[in-house]
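Here is what each chain is made of, one letter per residue.
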Amino acid sequence: MEAATALEVASGSTLKVKEMSPADAEGPPASSQQEPGSPFPQLLSPIEEHPKIWLPRTLRQTYICKVGDTVNLLIPFQGKPKPRATWKHDGCALDASRVSVRNGEQDSILFIREAQRADSGCYQLSVQLGELEATATIDILVIERPGPPQSIKLVDVWGSSATLEWTPPQDTGNAALLGYTVQKADTKSGLWFTVLERYHRTSFTVSNLIVGNSYAFRVFAENQCGLSETAPITADLAHIQKAATVCKTEGFAQRDFSEAPKFTHPLADCTTVTGYDTQLFCCVRGSPKPKIIWLKNKMDIQGNPKYRALSYLGICSLEIRKPGPFDGGIYTCKAVNPLGEASVDCRVDVKGKGRTHPLSPQGDNSGMEPQACREQGLAGSPCRCSRHCHHQDGFEEPCLLPSILFLSKITL
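Let me sum up the structure you'll find in this document. In this text the structure is predicted, and so the values were computed from the model without any measurement.

**Some remarks on the state of the cysteines**
Here is the idea: a disulfide is a covalent bond, and it sits between the sulfur atoms of two cysteines.
1) Next: Following the criterion strictly, the structure yields zero disulfides and no others.
2) Next: No disulfide involves C225; its sulfur sits 9.9 Å from that of C65, the nearest cysteine.

Here it is as structure tokens:
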């Protein structure tokens, strides 16, 4: 390849060309003028490829990392012969105790073992080949959690709401704040619950608090690295007291429910058997509660131990204990209150245990001899008729009267 620069040689003089290795390109550029004390001039190495930096796409914007993270950036470049790569931090040389650099044939590596916030800034990479130079700039931001908000206080409490105020933290963690997180805790359980997240203002009203509880509040600051490690708590508790309620009743006319007694279900006629308990039922209503009086054949039977009268929720009952033949008659239930009275009647019939003889003039033949037997002069002797005769002892036997009459006719 032809040389990039040609020097004119005076007639009668000789020119010596020194062969240079690619490593010599990192040294200072050779001057076209002859160095003092050098009997022979030196020539520049030919530039086969201009210097250029290939900055990765991810590094074209701010590179963000957390405190304590490792930073390892590899920046490729080109240039032939090998160019000289140098790094600067905010226009100054790098601190060799914290940052190390390794330059290769086609790349340069910037390494920080444990990043600190002081490592944030603008890093400039310069690749130089002779008088040609290429530069690239990388912005590095090292962040950490913000500090807690300052001077939080409880401003006001009313109803079931409480108002809080606080001031921003002094240290934002080398990053913009994303907001504040508000939490509450009641004194009974002591558990913290998040009320609001990423709130940008420095005052907030917490609502829907439970009546009768006391609450404490705390506020966290948040940035891209996370929430602050601690949070201030309000010195005063918010006591949610129950408001006194006053009931105002509207005036209205009181309805009069008074009424005279009225039977809604009357007494029913019944027939009973001697010796079996019988009950009579009826229903009555009235206000005030009416007094119930039971009558038999218009005679008061309230004090008679043979009868048991009950009244419950308007249902009236009368129990006749083991009724006899003389307990039949007209029974009356009478209801009386200051507004009036009402009554209902029923008939009760009491029958004997056995059937009556058809020839008997009365319904009950107990205690009497059979009439047919007396007519035939057979009083005291067994009756031989086909019917049943009721004797004084209470038992029944077949009557033989028809057979006797038949035999009498044949004899005559």
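**Here's the deal with the pattern of salt bridges**
Pairs can form between side chains of opposite charge whenever their charged atoms are close.
1) Next: Under the criterion given, the structure shown has 10 salt bridges.
2) Next: A salt bridge links R98 to D119; the nearest nitrogen and oxygen atoms lie 2.6 Å apart. Of this pair, R98 sits in the loop between strand 5 (92-93) and strand 6 (99-103) while D119 sits in the loop between strand 7 (107-112) and strand 8 (121-129); the two residues are 21 residues apart in sequence, bridging distant segments of the chain.
3) Next: When its relative accessible area of 34% is taken as the criterion, R98 is described as partly exposed.
4) Next: Of the charged contacts in the structure, one is a salt bridge between E259 and R285, with a shortest N-O distance of 3.7 Å. With a gap of 26 residues between them, E259 in strand 18 (residues 259-265) and R285 in strand 20 (residues 278-287) connect regions that are remote in the sequence.
5) Next: The class of E259 is partly exposed, set by a relative accessible area of 30%.

**A closer look at the nonpolar core**
1) Next: Among the nonpolar cores identified, the biggest contains 22 residues, and I53, I75, I138 and I140 are the most heavily contacted of them.
2) Next: Going through the elements one at a time, strand 3 (71-80), strand 4 (84-89), strand 7, strand 8 and strand 9 (132-143) are the ones with two or more residues in this core.
3) Next: At five residues, strand 9 tops the list of elements feeding residues into this core.
4) Next: Those residues in contact with I140 that lie beyond four places of it in its chain are Y63, V71, L73, L110, D119, S120, G121 and Y123.

**As for the pairing of strand 20**
1) Next: In the sheet, strand 18 pairs with strand 20 via four bridges, with the strands oriented antiparallel. In the strand pairing of strand 20, F263 is matched with V284.
2) Next: Note that strand 20 and strand 24 (residues 315-320) share six bridges and pair antiparallel. Within strand 24, the position partnered with T278 by the bridge is I320.

**What about unusual backbone geometry?**
1) Next: Following K80, the chain continues to P81 via a peptide bond in cis, the omega torsion being 0°.
2) Next: For P81, the position within the fold is in the loop between strand 3 and strand 4.
3) Next: Positive phi outside glycine occurs at N208, with the angle close to 60°.
4) Next: You can see N208 is positioned in the loop between strand 14 (203-206) and strand 15 (214-223).
5) Next: Positive phi values are uncommon outside glycine, yet K322 reaches one of about 45°.
6) Next: By the element assignment, K322 lies in the loop between strand 24 and strand 25 (329-337).
7) Next: Here K322 falls in the exposed class, since its relative accessible area comes to 60%.

**Thoughts on the side chain of E319**
1) Next: Inspection of the secondary structure puts E319 in strand 24.
2) Next: E319 gets classed as buried once you look at its relative accessible area, which sits at 15%.
3) Next: Among all residues touching E319, those that are not within four sequence positions of it are D277, T278, Q279, K306, Y307 and R308.

Calculation criteria
Residues numbered from 1 in each chain as written. Predicted model: local features only at pLDDT ≥ 70, side-chain atom pairs only at ≥ 80, totals over all residues. Heavy atoms only, no water. Disulfide = S-S within 2.5 Å. Salt bridge = Lys/Arg side-chain N within 4 Å of Asp/Glu carboxyl O. Helix = DSSP H or I, 4+ residues; strand = E, 2+ residues; numbered from the N terminus. Buried < 20%, exposed > 50% of the residue type's maximum accessible area, 1.4 Å probe, protein only. Core = buried A, V, L, I, M, F, W, Y, C linked by side-chain atoms within 4.5 Å. Contact = heavy atoms within 4.5 Å. Pairing = 2+ DSSP bridges.

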